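Fold and geometry: a report
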Amino acid sequence: MAKRVMVVDDSRLQEVQIRKLLEGSDYEVACYCRSGEDALAQYDGVKPDVVTMDIIMPGMDGLETAQAILEEYPEAKIIMVSSLAYDDTFEEAKSIGAKAFLDKPFDAEKLLAALDQAVSG
């Protein structure tokens, strides 16, 4: 059975890209959320195996959302995704409990490697 991925990104294009990159893999997009607030509201109902979390979003950003999810669900596996990857952002994501970090743009190989790292870590 495919592992369930929750995609949290304000860009619908990103969700479509991830869906395409996962075709034929052991992962499937189970849920797409356009905001951190939406991700928090849906997490319990979806129970994803892993979450890809954009950092820059209107409202709650990805770091705040990841922290809130991990406080309520410490077993959550979250991959931070950003085109603005600074060392301090990377360190903050790690300190929150993110399992991996993915720089945009990425290909299927990098996405799958990050998903595998998060799920197994």
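The structure contained in this document is the topic of the report that follows.

What counts and how
- Residues numbered from 1 in each chain as written.
- Predicted model: local features only at pLDDT ≥ 70, side-chain atom pairs only at ≥ 80, totals over all residues.
- Heavy atoms only, no water.
- Buried < 20%, exposed > 50% of the residue type's maximum accessible area, 1.4 Å probe, protein only.
- Helix = DSSP H or I, 4+ residues; strand = E, 2+ residues; numbered from the N terminus.
- Pairing = 2+ DSSP bridges.
- Right-handed = clockwise from strand over helix to strand, strands pointing away.
- Axes fitted to C-alpha atoms, helices over the stretch in contact; angles between N-to-C directions.
- Parallel < 35°, antiparallel > 145°, perpendicular 65-115°, else oblique.
- Contact = heavy atoms within 4.5 Å.
- Nonpolar A, V, L, I, M, F, W, Y, C, P; charged D, E, K, R; others polar.
- Patch = residues over 30% accessible without salt bridge, like charges linked within 9 Å, V, L, I, M, F, W, Y side chains within 5 Å.
- Areas by Shrake-Rupley, 256 points an atom, 1.4 Å probe, with all protein chains shown as cover.
- Salt bridge = Lys/Arg side-chain N within 4 Å of Asp/Glu carboxyl O.
- Lys, Arg positive; Asp, Glu negative; His and termini not counted.
- Charge placed at Lys NZ, Arg CZ, Asp CG, Glu CD.

A separate point is the pairing of strand S2 (residues 27–33). Side-chain direction in a regular strand flips from residue to residue, so the side chains alternate between the two faces of the sheet. Burial analysis of S2 places five of its seven residues in the buried class, the great majority of the element. Sheet topology note: the strand S1 (residues 3–8)/S2 ladder contains six bridges and is parallel. The residue of S2 that forms the bridge with Val7 is Tyr32. Note that the unit made of S1, helix H1 (residues 12–21) and S2 has a crossover that is right-handed.

Bringing the packing of helix H3 (residues 62–72) against helix H4 (residues 87–96) into the picture now. With their axes 10 Å apart at the nearest point, H3 and H4 run at an angle of 10 degrees to one another. The angle between H3 and H4 places the two elements in the roughly parallel class. Listed contacts from H4 to Leu63, Ala66, Gln67 and Leu70 of H3 are Thr89, Glu92, Ala93 and Ile96. Split into classes, the residues belonging to the contact of H3 with H4 amount to five nonpolar, two polar and one charged.

A few words now on a negative patch on the surface. A cluster of acidic residues, Asp87, Asp88, Glu91 and Glu92, forms a negative patch on the protein surface. Here Glu92 shows up in helix H4. Looking at Glu92, the relative accessible area reads 41%, which means it is partly exposed.

The next thing to look at is the pattern of salt bridges. Per the counting criterion, the structure on display carries five salt bridges. One salt bridge in this structure joins Arg12 and Glu15, with 3.3 Å as the shortest N-O distance. Here Arg12 pairs with Glu15, and both are found in helix H1, just three residues apart, close to one helical turn. A relative accessible area of 46% means that Arg12 is categorised as partly exposed. The exposure class assigned to Glu15 is buried, which follows from its relative accessible area of 2%. Ionic pairing is found between Arg19 and Glu15, a salt bridge with its closest N-O pair at 2.6 Å. In this pair, Arg19 and Glu15 are both assigned in helix H1, four residues apart and thus about one turn of the helix distant. Several salt bridges share partner residues, and in doing so they unite Asp9, Asp54 and Lys104 into one network.

A few words on unusual backbone geometry. A cis geometry characterises the amide bond from Lys104 onward to Pro105, with omega recorded as -10 degrees. Relative to the elements of secondary structure, Pro105 occurs in the loop between strand S5 (100–103) and helix H5 (108–120). Non-glycine residue Lys47 carries a positive phi angle of around 50 degrees. Mapping Lys47 onto the fold places it in the loop between helix H2 (36–46) and strand S3 (50–54). For Lys47, a relative accessible area of 53% gives the class exposed.

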